[in-house]
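In case you want the letters, here they are:
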Amino acid sequence: AEIFLPCAGYGRCHSFDEAGSYGSIWSSVPNSDGYFAWGLGFNSDSHGTIVHLRHDGFSVRPLQGFMK
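In short, a report on the structure. (Residues numbered from 1 in each chain as written. Predicted model: local features only at pLDDT ≥ 70, side-chain atom pairs only at ≥ 80, totals over all residues. Heavy atoms only, no water.)

The 3 strands are arranged 3-4-5 in an open sheet whose pairing can be described as antiparallel. Of all strands in the sheet, those with a lone pairing partner are strand 3 (23-30) and strand 5 (47-53), marking the two edges. Recorded for the sheet is a direction-independent mean angle of 35° between the axes of neighbouring strands. (Pairing = 2+ DSSP bridges. Helix = DSSP H or I, 4+ residues; strand = E, 2+ residues; numbered from the N terminus. Axes fitted to C-alpha atoms, helices over the stretch in contact; angles between N-to-C directions.)

Glancing now at the pairing of strand 3. Relative to strand 4 (residues 36-42), strand 3 runs antiparallel, the two sharing 5 bridges. Following the sheet pairing, Ser 24 is matched in strand 4 by Gly 41. The turn joining strand 3 and strand 4, which pair antiparallel and follow one another in sequence, is formed by 5 residues; a positive phi near 85° is taken by Gly 34.

All right, on to the side chain of Asp 56 then. Within the element layout of this structure, Asp 56 appears in the loop between strand 5 and strand 6 (57-58). Since its relative accessible area comes to 5%, Asp 56 is described here as buried. Of note is the side chain of Asp 56, whose polar atom sits 2.8 Å from the side chain of His 52. If sequence neighbours within four positions are ignored, Asp 56 has contacts with Gly 11, Arg 12 and Trp 26. (Buried < 20%, exposed > 50% of the residue type's maximum accessible area, 1.4 Å probe, protein only. Polar contact = N/O pair within 3.5 Å; in protein donor to acceptor, adjacent residues only side chain to side chain. Contact = heavy atoms within 4.5 Å.)

Side chains of Val 29, Trp 38 and Val 51 sit close together on the surface and give an oily, nonpolar patch of about 240 Å² of accessible area. Inspection of the secondary structure puts Val 51 in strand 5. (Patch = residues over 30% accessible without salt bridge, like charges linked within 9 Å, V, L, I, M, F, W, Y side chains within 5 Å. Areas by Shrake-Rupley, 256 points an atom, 1.4 Å probe, with all protein chains shown as cover. Salt bridge = Lys/Arg side-chain N within 4 Å of Asp/Glu carboxyl O.)

Take a look at the structure:
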């Protein structure tokens, strides 16, 4: 199975940053303080776990237990 993850940037404080060069997806795991959440950040050279404010806008949010 394949999944397409776009480098669509992210929304933050009334702006949209890094469209075309950076992508990010949320996990379902909030950080312990409740203001941040874990996710995956990626570009053409690398990928890794990230922590962002929960109100930042990411283009993709995975669903758990979703079936067609």
